[in-house]
Amino acid sequence: MSVDDAVLGLWNALSQRDWDGVKTFLSDDCIYVDMPVGPTLAARGPDDIVKRLKVGLEALAKYENHPGLLVSNGSDVMFEHSESWAWTTGETAELPFVSVHRVVDGKVTLWKDYWDFNAILGSAPSSWMDDFAGADVSWVFDATDHV
């Protein structure tokens, strides 16, 4: 599988919230870092990365990824895209993203998302941050020395 196909396959599975499908594109030691919150709240490995992704995305009424520019240089891939989020309470957000991936042997080994955290805070329902207080955080991995 090409590096481009691995990244696009990952994002297609995520757009469908096909959690098992997402896992198939991740290496066993893949690190996911949501850069606005930093590497101390990263996740490592397919199971923990999916747990992390579910914290933000699973409760949404609608989630969709909109593909954009994909640039690759060997094993490194940058993907400019956007996401549409809709909550069950009616609020919506359109979030621009740049995601950086490293792909080795057809699997994503590093995934860093860059986006504007304040954009989501301005669009999300007031209870959104409160919902994180009770979230499963067994996935937390400090990736400070790995990214």
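Everything below is about the structure shown above.
Residue numbers run consecutively from 1 along every chain, following the written order of its sequence. Only residues with pLDDT of at least 70 get local features here, since the model is predicted, and only at 80 or more are side-chain atom pairs given and counted; chain-wide, interface and lining totals rely on the full set of residues. Neither water nor hydrogens contribute to the side-chain values; these are computed over all heavy atoms in the structure.

Novice: Is there a simple way to explain the pattern of salt bridges in this structure?
Specialist: Where charged atoms of side chains with opposite charge meet at close range, the side chains can pair. For salt bridges, the criterion is a side-chain nitrogen of Lys or Arg within 4 Å of an Asp or Glu carboxyl oxygen. Using the criterion set out here, one finds six salt bridges in the structure. Across the pair D47 and K23 runs a salt bridge whose closest N-O atoms are separated by 2.9 Å. Pair noted here: D47 is in helix α3 (residues 46–57) and K23 is in helix α2 (residues 19–24), with a separation of 24 residues, a long-range link. We call a residue buried when its accessible area falls under 20% of the maximum for its residue type, exposed when it is over 50%, and partly exposed in between, using a 1.4 Å probe and counting protein chains only. Since its relative accessible area comes to 48%, D47 is described here as partly exposed. The shortest N-O distance in the salt bridge between D34 and R52 comes to 2.5 Å. One end of the pair, D34, is in strand β1 (residues 26–34); the other, R52, is in helix α3, and 18 residues separate them in sequence. Of the two residues, D34 and R52, neither departs from the other in class, the shared state being buried. Secondary structure elements follow DSSP: runs of H or I no shorter than four residues count as helices, runs of E no shorter than two count as strands, and numbering proceeds from the N terminus.

Novice: What's the story with the layout of surface pockets in this structure? I'm lost.
Specialist: Empty space among the atoms can be located by rolling a probe the size of a water molecule over them. Volume-wise, the largest pocket comes out at about 410 Å³. Around the largest pocket, the lining is made up of 25 residues, and of these D34, R52, V55, G56 and F132 lie nearest the centre. Elements with a minimum of two residues in the lining of the largest pocket: α1 (3–15), β1, α3, β5 (76–86), β7 (107–115) and α5 (128–132). A total of five residues in the lining of the largest pocket trace back to one element, the largest contributor, which is α3. Gly is put with the polar residues, along with every residue not named as nonpolar or charged; the nonpolar set is Ala, Val, Leu, Ile, Met, Phe, Trp, Tyr, Cys and Pro, and the charged set is Asp, Glu, Lys and Arg. Partitioning the lining of the largest pocket into residue classes produces 20 nonpolar, one polar and four charged. Grid points spaced at 1 Å over the protein atoms alone were grouped into cavities, where a 1.4 Å probe fits but cannot get out, and pockets, open sets with protein on both sides within 12 Å along at least five of seven lines, with lining residues defined by an atom within 4 Å of a point. Grid points are joined across faces, edges and corners, and a volume is the space filled by probe spheres set on the points.

Novice: What am I meant to see in the pairing of β7 here?
Specialist: Each regular strand shows side chains that alternate between the opposite faces of the sheet. Buried residues dominate β7, accounting for seven of its nine residues. Bridge count for β1 against β7 is five bridges, and the pairing is parallel. Pairing of Y32 across the sheet is with W111, part of β7. A pair of strands is labelled paired if DSSP reports no fewer than 2 bridges between them. Pairing of strand β6 (residues 92–104) with β7, which is carried by eight bridges, proceeds in the antiparallel orientation. Within β7, the residue paired with H101 across the bridge is W111. Counted between consecutive antiparallel strands, the loop separating β6 from β7 contains two residues, among which D105 sits at a positive phi close to 55°.

Novice: Just checking my understanding: could you explain the nonpolar core for this structure?
Specialist: Nonpolar side chains in soluble globular proteins tend to end up buried together. L14, W85 and W111 are the most contacted members of the largest nonpolar core, which totals 35 residues. At the level of elements, α1, α2, β1, α3, β5, β6 and β7 are the ones that each hand at least two residues to this core. Broken down by element, the residue count for this core peaks at seven residues, all from α1. Beyond its immediate chain neighbours, meaning those up to four positions away, W85 contacts G56, L57, L60, K62, Y63, E91, T92, A93, L95, I120 and W128. In this structure, V33, A42, L110 and A143 belong to the second largest nonpolar core, which totals five residues. Nonpolar cores are built from buried Ala, Val, Leu, Ile, Met, Phe, Trp, Tyr and Cys residues. Side-chain atoms within 4.5 Å join them into one set. We call two residues in contact when some of their heavy atoms are within 4.5 Å.

Novice: Any chance you could explain a nonpolar patch on the surface here in plain terms?
Specialist: Taken together, V37, L41, V137 and V140 make up a surface patch of nonpolar side chains, about 280 Å² in accessible area. Within the fold, V140 resides in strand β8 (residues 140–141). A residue is classified by how much of its surface remains accessible, and V140, at 38% relative accessible area, is partly exposed. What goes into a patch is any residue over 30% in relative accessible area without a salt bridge, connected to like charges within 9 Å or, for nonpolar side chains (Val, Leu, Ile, Met, Phe, Trp, Tyr), within 5 Å. The accessible surface values rely on the Shrake-Rupley method and a 1.4 Å probe; as for residues, cover is taken only from the protein chains in view.

Novice: Explanation requested: unusual backbone geometry in the structure shown.
Specialist: Excluding glycine, residues mostly have negative phi values, and the peptide bonds linking residues are mostly trans. The phi torsion at R17 lies on the positive side, around 50°, for a residue other than glycine. Looking at the element boundaries, R17 is found in the loop between α1 and α2.

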